[in-house]
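Fold and geometry: a report
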Amino acid sequence: MDGQPGSPTPELKLYNTLTREKTVFAPIDPQNVRMYVCGPTVYDFAHIGNARPVIVFDVLFRLLNHVYGGDHVTYARNITDVDDKINARALRDYPGLSLNAAIRAVTEKTEKQFLDDAKSLGCLEPTVQPRATDNIAQMIEIIEKLIANGHAYTAAGEVLFDTKSMADYGQLSKRNLDEQQAGARIAVDAHKKSPGDFVLWKLSSESEPGWESPWGRGRPGWHIECSAMSGRYLGDVFDIHGGGLDLIFPHHENEIAQSRCAHGTKVMANVWMHNGFLQVEGRKMSKSEGNFVTIYELLHTEKFGGRQWPGDVLRVAMLMTHYREPIDFSIKRLEEAERLLSKWPAAEPGDAKPDASVVNALADDLNTVAAIQALHALAQSGDRATFAASAQLLGVLPQAAEIDEAVAIEIDRRVKTRLELLKAKNFAEADSIRDTLLAEGIQLKDGKDAATGERITTWEVKR
Ligand code: AMP
Ligand code: ZN
């Protein structure tokens, strides 16, 4: 744990979809707190609904970093770069290229756009961002285990998970198999043992992308990739698994089935967290409704409300509602977020710690509504550095968001070196560091620590 004097570790409470209860979070290993969030399928621009889990779990990542220390948290968010929607898009957009080249063109472009969007929304980069196509061998390994221990079977060119082989299948979504069977609308595919059985691997035709496997050249089903990547980067059992609530069934239910049956564990992740859905101006967002907005369009075009909106405005607009509630996204909401942001000072956190009022609000199942209220009160009440540190915990400090985390660390390091040079009376080299930073647009401000009288230096980006 952080263990800083004067910053007591708050008790972190999280609502767990698995138990339908809010309970105190106890990591398996406080030295390495592990979180997995399902990432985008990279075939098209991410829409503002997709921005919600990205922002919500970024706030949780920041909170975990604060509580356990940045070196003790591993956040994995995958990139789904194998999917039949991607194939269709590749054929449509790049008819002149070979299928593999066309797929790569679609996925690389879309992945880059997604990362740009996430950055514009003030999100830190996850610790690891594995791609599905780099983890095919891991998927094959899990499928082999499932076949070997009687949880999967091959039929009609597919490998299927045998849902009946798992006594407590359906724990997360609280669906039971017989109810599903009774549902008249589920067509029983003739080759499946039970209608709920799902694809782990399917054969590819020559015109479809594929990888060699013990079952022939084929491609993975959707769910298996997250079992493979979470297992590889976080272990057979980890702390938190997140995503939007549409993923509870079938995606997360089936991830659990695969991972638990392959590894013989009682759980896959201890805590399952799901964000609520976002609709736009009172209606479900859809292309046919004409209210479909991508993150890119909101930030860089005049499609929504006739103007561009800054990333931090979208971020605050999102966090003004608790993550489990539905959001009705609107121009009014964005305007409200912008008004709020305009009242907050630009400031540098320096060594300040986030205020307990903000930390405690977030520690209560990410109550960002209360956290924003507390932050607003801090903005009014004076201490700029504490305000800035608290704003940073929510990821809404515009100045900090403009500077890359890695760049900021590097600047801090050079500022520290300069202080050491000054102490050693090596003024020429110290001045040279200051001048180089200034040439890069970083202004240093020297001052004295009120308590110790020691020289301290803060920096800011010149606009
Ligand atoms: P997808 O690309 O559809 O798999 O979605 C990526 C992530 O965005 C998943 O975690 C979804 O649950 C989430 N998501 C998709 N649509 C919305 C929405 N309208 N509101 C909130 N989250 C969404
Ligand atoms: Zn997933």
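Remember, predicted model here, so these are calculated numbers, not experimental data.

1. Considerations on the side chain of N291
With respect to the helices and strands, the residue N291 is situated in the loop between β11 (278-280) and α8 (295-300). Overall, N291 belongs to the buried group, its relative accessible area being 6%. Polar side-chain contacts of N291 include one of 3.4 Å to the backbone oxygen of R283. Engagement of the side chain of N291 in a polar contact is seen with the backbone oxygen of K284, the distance being 3.3 Å.

2. Description of the pattern of salt bridges
Tallied over the entire structure, the rule returns 25 salt bridges. Two residues, D84 and K202, come together in a salt bridge whose shortest N-O distance is 3.6 Å. Here D84 is found in helix α2 (residues 84-93), whereas its partner K202 is found in strand β7 (residues 198-203), with 118 residues between them in sequence. Exposure remark for K202: the relative accessible area of 23% places this residue in the partly exposed category. A single salt-bridge network, built from bridges that share partners, covers D84, K202, E208 and R219.

3. With respect to the pairing of strand β2 (residues 21-24)
Pairing of strand β1 (residues 13-16) with β2, which is carried by four bridges, proceeds in the antiparallel orientation. Residue pairing in the sheet places Y15 in a bridge with K22 of β2. Counted between consecutive antiparallel strands, the loop separating β1 from β2 contains four residues, among which R20 sits at a positive phi close to 60°.

4. Structural notes on the sheet that holds strand β4 (residues 73-77)
The strand order across the open sheet built from four strands is β4-β3-β9-β10, with neighbouring strands paired in parallel fashion. Whereas interior strands pair on both sides, the edge strands pair on one side only; in this sheet they are β4 and β10 (269-275). Neighbouring strand axes in the sheet, compared pairwise and without regard to direction, differ in orientation by 20° on average.

5. Some thoughts on the site of ligand 1
In the vicinity of ligand 1, the contacting residues are H47, G49, N50, P53, G243, G244, D246, L247, N275, G276, F277 and L278. In this structure, a nitrogen atom belonging to ligand 1 sits 3.1 Å away from a main-chain N or O atom of G49. Separating an oxygen atom of ligand 1 from a side-chain N or O atom of D246 is a distance of 2.4 Å. When grouped by side-chain class, the residues that make up the shell around ligand 1 number four nonpolar, seven polar and one charged.

6. Structural notes on the coordination of the zinc ion (ligand 2)
Coordination of the zinc ion (ligand 2) by the protein involves C38 (SG), C226 (SG), H251 (NE2) and E255 (OE), with metal-donor separations of 2.1 to 2.4 Å. Because the angles between the four donor atoms bound to the zinc ion (ligand 2) fall within 76 to 131°, the donor set is best described as irregular. Counting along the primary sequence, the residues that act as donors to the zinc ion (ligand 2) give the motif C-x187-C-x24-H-x3-E. Of this pair, C226 sits in helix α6 (residues 222-234) while E255 sits in helix α7 (residues 248-263); the two residues are 29 residues apart in sequence, bridging distant segments of the chain.

7. Some words on the sheet that holds strand β8 (residues 218-220)
Spatially, the four strands line up as an open sheet ordered β5-β6-β7-β8, and their pairing is antiparallel. Each having just a single partner strand, β5 (152-155) and β8 make up the two edges of the open sheet. Sheet twist, expressed as the mean angle between neighbouring strand axes with direction ignored, is 25°. Of the strand pairs in this sheet, strand β6 (residues 158-161) and β7 are connected by four bridges, and their pairing is antiparallel. Across the sheet, the residue bridging to E158 is K202, located in β7. With respect to the sheet, α7 is in contact with β6 and β7, its orientation differing from that of β7 by roughly 80°.

8. Considerations on the state of the cysteines
One way to say it: the disulfide is the covalent bond shared by the sulfur atoms of two cysteines. Evaluation of the coordinates by the stated rule reveals zero disulfides. Note on C123: no disulfide assigned, nearest cysteine sulfur contributed by C38 at a separation of 16 Å. Classification of C123 by relative accessible area gives buried; the value is 11%.

9. A short note on the packing of aromatic side chains
The final tally for this structure, using the stated rule, is eight aromatic pairs. Measuring from centroid to centroid gives 6.1 Å for W344 and F387, while their planes differ by 65°, and the two rings are edge-to-face. Linking W344 in the loop between α10 (331-342) and α11 (356-363) with F387 in helix α13 (residues 384-394), this pair joins segments that are 43 residues apart in sequence. On the basis of relative accessibility, which here comes to 2%, the residue F387 falls in the buried class.

Calculation criteria
- Residues numbered from 1 in each chain as written.
- Chains lettered and ligands numbered in written order.
- Predicted model: local features only at pLDDT ≥ 70, side-chain atom pairs only at ≥ 80, totals over all residues.
- Heavy atoms only, no water.
- Helix = DSSP H or I, 4+ residues; strand = E, 2+ residues; numbered from the N terminus.
- Buried < 20%, exposed > 50% of the residue type's maximum accessible area, 1.4 Å probe, protein only.
- Polar contact = N/O pair within 3.5 Å; in protein donor to acceptor, adjacent residues only side chain to side chain.
- Salt bridge = Lys/Arg side-chain N within 4 Å of Asp/Glu carboxyl O.
- Pairing = 2+ DSSP bridges.
- Axes fitted to C-alpha atoms, helices over the stretch in contact; angles between N-to-C directions.
- Near = heavy atom within 4 Å.
- Nonpolar A, V, L, I, M, F, W, Y, C, P; charged D, E, K, R; others polar.
- Donors = N, O, S within 2.8 Å, 3.2 Å for Na, K, Ca; no water.
- Tetrahedral: all angles 85-135°; square planar, octahedral: opposite > 155°, others 65-115°.
- Contact = heavy atoms within 4.5 Å.
- Disulfide = S-S within 2.5 Å.
- Phe/Tyr/Trp six-rings, centres within 6.5 Å; stacked < 30°, edge-to-face > 60°.

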